[in-house]
Structure formats: structure tokens, C-alpha cells
Amino acid sequence: MSKSIEDSVSMMKRKRELDDVEYLVELDGTIKSFERSTLQKNVNIVGIVGMGGCGKTTLANEIFRRQRSRFSGSSFLLDVSKAAKENGLYMLQKQVLDDLLGHIDALTIDSINEGKIILAHQLKNRRVLIVLDSIDNVYQLDALLPERNILGSGSLVIVTTRDVGVLKSYGICSVYMMKGLDSLHAKKLFCLHAFSQRHKISEIDYLDEKLSSACGGQPLSLQVLGGLHGRESKDVWSARLDKIRDVLLSDATPILRVLVAKGDSLKGEYSNLTRNLVWLRWQNCSYPCIPSWVSLKNMRILELNGVFQKLWSSNGKQPTQLRELIVLGSIGKFPKSIGQLQQLQKIVVDEYLNTSLEVLTEEFCHLQSLEHLTLRWCRALTTLPTSFGKLGHLKHLDLAFNSALKALPPSFKQLINLQHLDLQSCSNLEIPPQFLGKITTLQYLNFKNCRKLGDLPSQVPCQLCLESLNLGGTSLEEIPNEIGRLINLKFLDLGSPYLTSLPVSLANLKSLQKLNLDGCSSLTYAPDFLRQMTNLNVQVTGCTKLTEFPEDSRQLSRK
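Residues numbered from 1 in each chain as written. Predicted model: local features only at pLDDT ≥ 70, side-chain atom pairs only at ≥ 80, totals over all residues. Heavy atoms only, no water.

Draft legend 1. Spatial organisation of helix 4 (residues 80-87). All of the buried residues in helix 4 are Val 80, Ser 81, Ala 83 and Ala 84. Each buried residue of helix 4 sits inside an arc of 170° when the element is viewed along its axis, so together they form one side. Opposite the buried face of helix 4, at more than 90 degrees from it, the exposed residues are Lys 85 and Glu 86. Looking at the buried side of helix 4, the elements it contacts are strand 2 (73-77), helix 5 (89-101), strand 3 (128-132) and helix 7 (138-144). (Buried < 20%, exposed > 50% of the residue type's maximum accessible area, 1.4 Å probe, protein only. Helix = DSSP H or I, 4+ residues; strand = E, 2+ residues; numbered from the N terminus. Arc of directions from axis to C-beta. Contact = heavy atoms within 4.5 Å.)

Draft legend 2. Molecular detail of the sheet that holds strand 2. One open sheet holds the 5 strands; their spatial order is 2-3-4-1-5, and the pairing between them is parallel. Taken across any chain shown, the strands that pair with only one partner, and hence form the sheet edges, are strand 2 and strand 5 (175-177). On average, adjacent strands in this sheet sit at an angle of 10° to one another, irrespective of strand direction. Two strands pair when backbone bridges link them, and strand 2 and strand 3 are joined in this way by 5 bridges, in the parallel orientation. Bridging from a neighbouring strand, Gly 73 pairs with Val 128 of strand 3. (Pairing = 2+ DSSP bridges. Axes fitted to C-alpha atoms, helices over the stretch in contact; angles between N-to-C directions.)

Draft legend 3. Up close: the pairing of strand 4 (residues 156-161). Burial within strand 4 is extensive, with 6 of its 6 residues counted as buried. Pairing geometry for strand 1 (residues 45-49) and strand 4, over 5 bridges, is parallel. In the strand pairing of strand 4, Val 49 is matched with Thr 161. Pairing analysis gives 4 bridges linking strand 3 to strand 4, with the strands arranged parallel.

Draft legend 4. Geometry of the packing of aromatic side chains. Scanning the model with the defined rule gives 7 aromatic pairs in all. Centroid distance Phe 64 to Phe 76: 5.3 Å. Interplanar angle 85°. Geometry classified as edge-to-face. Residue Phe 64 is located in helix 3 (residues 56-67), and its partner Phe 76 is located in strand 2; the two are separated by 12 residues in the primary sequence. Comparing Phe 64 with Phe 76 shows no difference in burial state: the two are buried. Considering the side-chain rings of Phe 334 and Phe 364, the 5.2 Å spacing of their centres and the 55° angle between planes classify their relative orientation as tilted. Within this pair, whereas Phe 334 is found in the loop between strand 9 (324-331) and strand 10 (346-350), its partner Phe 364 is found in the loop between strand 10 and strand 11 (372-376), the two being separated by 30 residues in sequence. For the pair Phe 334 and Phe 364, one class covers both residues: buried. (Phe/Tyr/Trp six-rings, centres within 6.5 Å; stacked < 30°, edge-to-face > 60°.)

Draft legend 5. Layout of helix 5. Compared with the 18 Å implied by 1.5 Å per residue over 13 residues, the 18 Å span of helix 5 between its first and last C-alpha is a close match. All buried positions along helix 5 are accounted for by Leu 89, Leu 92, Gln 93, Lys 94, Val 96, Leu 97, Asp 98 and Leu 100. Contact partners of the buried residues in helix 5: strand 2, helix 4, helix 6 (112-123), strand 3 and helix 7. With its phi angle positive at about 90°, Gly 102 sits one or two positions after the end of helix 5. (Expected span 1.5 Å × (residues − 1).)

Draft legend 6. Broad picture of the pattern of salt bridges. Inspection of every chain in the model, using the stated rule, returns 7 salt bridges. Within this structure, Glu 62, Arg 65 and Arg 66 form a network of salt bridges that share partners. (Salt bridge = Lys/Arg side-chain N within 4 Å of Asp/Glu carboxyl O.)

Spelled out as C-alpha cells, the structure:
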């Protein structure tokens, strides 16, 4: 099965379909073993435990596919730990309810505790099938399965995790421990990806022990390894398998030319292994820059975690085919050659507790294909390049928590395709009234905790596509009546301690679903027009002077 590199990258980024069993090898035996050891014990909550890449999700997926028709409702939450970080646990609570009860537009969950109450009520005595994939702490289990003893008779909940301690803390005693593939099945999977067929197993009989030692029988590792070896001789396979034992291939997706490395496990002697990579995820990288023996020629996606003085060593080594660059950690500076990466579409830098990135060079602004730029927690970054506006294709810009950033360059207003702008906690940023220029495409705008924002920029009410506007924690004393023009607005945060009144034009915001007034300690009155906004949820925590409410208390939540 031959695929181009472009097809491989496309497949990597596409969400894994629940019913896709293309890569399964002899799964029936594993399912029977699972059923014998767990389902026959009349236990309705079962854990599947194993290291990354061992096939936990694949097993749970196939059981879900086969069993779901026997239940009154079913829900499969894929990679809970990642989804919870990106979207919040309360959104996962809502997904479970939507899956089990059908999509309910009117159902809103605004906090985890509220979601737990609703889940406990809706799950009571219902016969359901639920899979919670990749749980990494007991708090997630408690939020998604708040009362495990209320499930209806015959219900089944499957929890996959790497940490058996999470299951024990929650009280789950029925646990299935995943094992690696045996020698025969490991060879089958290796051949499927090395040769696109299974009938050449006899040609690699002598590799039995080396395959087992290199991958431990882990399916995803075997798939990746098979793809890397696909066009090479048996002698090359044998030599490389001798060396690859220390290279971490677990957690990789089941796509060819992908490698996950950790620490210093990826060493110079493995340079041949990296020459065809299109996706490298390197956790806890111990090098100050990507070593020269790591080939960047075909690289499309680079995910790096570590402390870097720079990213690559010289202009001749830059990854000219790169589409995405993600750096979690510390980066001293971008190399000047980054401006030559004309296919680069996404950059994410999240320094968190590091303060190394102080400046972006003008070469950075030559990235004509860049659509997504995230520079979070870069607390040494004080300015952006004067030519920043040349990034004309930029749609997503996240500068949150850059507390040293003082000004945006005049060219900023040239970003006419910008849809997402996050300036949260840019506490020293001066925001002039006309900073948006002719930008009218914003859908998301976050000024939360921009303390120097005392007046709403005059062009904000012109953003007719805007769906989310956060002005919480600013120094705003009043909101101009023009805000009523934002007819597509769904979320509005006005939580300023200096705000004394609300404009009557808020009544025009017919699409508004949530109005956050938390912390409006100077606000004394909630106007009657809020009563007419039937779908509006209003939060008023900390509004100590607010004494008058709309008559219909269902629209106003006071905590």
C-alpha cells in the first residue's frame, strides 16, 4: 500500500474513526480474553491498562463497535486527558449527555459541579455503554462518572489508562492488563507495514527476538517501524533493530514516517532512522538545538519540548517543507533562516515559566503562508517586528500572558484576515483606539486582564462576525452603546470592577447566550431588558452592590 508523504500527513491529522479496523491483527483473541477475565464477572465498570501504543484504545473501540446496539444509549470519549485540557471537562460532560440523550440545544453546562449533578440524574437506572479513553487522573473519572452505583442493570463502562492507580483510587477492581503481541502476530503486523502484505513472514523469521526486543510487541511501534524499514534490505533491518531498542516509538500514531523520542534516547547513531521522517515529536529534548544528524529534509511537523538556544544549527539545515512548528519550553531565538520556510502554516511557542524569547527578527515576517501563530507566556518579549503586518494570511494570533509586551506595531492593522485574537493578561499593553485598522473579520477577541484598557477600541463594534468578546479584568468604566451592533455575539464578558452601568443596546444582541458580569463590584442594577433575552445565562458572582434583578430569575444566576 503506497502513499505519498502528503497523504500520510493528511491521515495523521484526521480524527481516527471509531469503526476503522484496517490495522487490526488477530483482535478477536484479545477480545475473547478480555471478555473471559472481566465481562463474565457481572461487573459494569472495567479498566483497560497498558503502556502507550499497546492497543488499549483499539480494543475498547472494537468492543464498543460490537456491543453498542445492545444498549439504550452509548458514548465514546476519545483521549479524555487531551480533550479536557483543550476544551474543559464540562464540555466532555455535555458530550456524554448529547451522545446518550440525543443532541439537546437547550442543555447548557457552565461548571463541572453542575455537569456532575445533571449526569447523575440522567444516568440513573439507564442501561448504557460508555468508553472513557485515556484517563490520567481520578478527578476526570469523578467528573464524568459522578455516581457509579446508579447505573442501570447491564450497563458497561470501559476506562482505558496507563495508570492502574487511577482505577484503584476510584474503586474499580476489574482490570484487564494489555499484553504485547506474540511473536507470530508481531511479524504479521510488521510485514503488513513493511511490505503491504503478510505472506513474506518467512523471510524475517530470524528477526523474531530483535522485533520483540525493539518494540515489546506494541502494535503502534510495529506499524511505524515497519513503515520505516519498508524499502530496505534484510541486513539493514537486522543492524538497525540492534540499535533501536532505546528509541521510544510508543505513543506514535499508526501512520508511517512518525517518530516519538524522549530525552537523549535519539542519538547520532540513529541518523538513518530519521532521514524519511515527516513528523518528529521529541519530548524532554536534551540538546540546545536539533542535532545535525537529524534529517529535516522531509519534515512536515516538528513538536519539540526542551530548552533551546536556537532550533537548527545552520541555514543549510532548515526544514523547507515544514508545515507546523510547536515548541513547548524555552527558545532563545528563531534562526534567521526561518523566513525561508514558505510552506509554514502554524507556529506554537508556549514558554510558560521560561523567559528566553526576547525578540522576533524581521525575517520572521517573511512567512507568507503563516495562518496560526501562538506565542504564549513569552514574558521577555516586549515588542513585535515593525513589519509584522506582512503576515497577511494570519488568521489566528495568540499572545496571551506576554506581560512585558508594551505595544503593537502600526503595521498590525494590515492583518485583514485575522479571525482569532487573544491578548489575555497582556497587562502592560497599550491598545490605541484605531489599532484594528480595516480588520473586520474577527470572530474571537480576548482582552481579559488587559489592565491598561480603559476605553473600548472604536473598531470593536465594527466586528460584525464577532462571536466571543472578553473584557473581564480591564479598566473599563463604561461600555459604548455601539456594542449593540455585534448581532452575532454569543459570549460577552464585562467583568470589570469599574463598570457602573450596562448599555441598553445589549438588548439587540439576540444571539447572546452567556453574559459574564463576575467581579462587577460597582454595578448596582441589572436592567429589565435582560428578562426579554430568553436564552441568556447571566453570571453575577462578586457583584456585591447589585440588588435589583429581572423578574424572571431563570435568566440570571447569582452565586
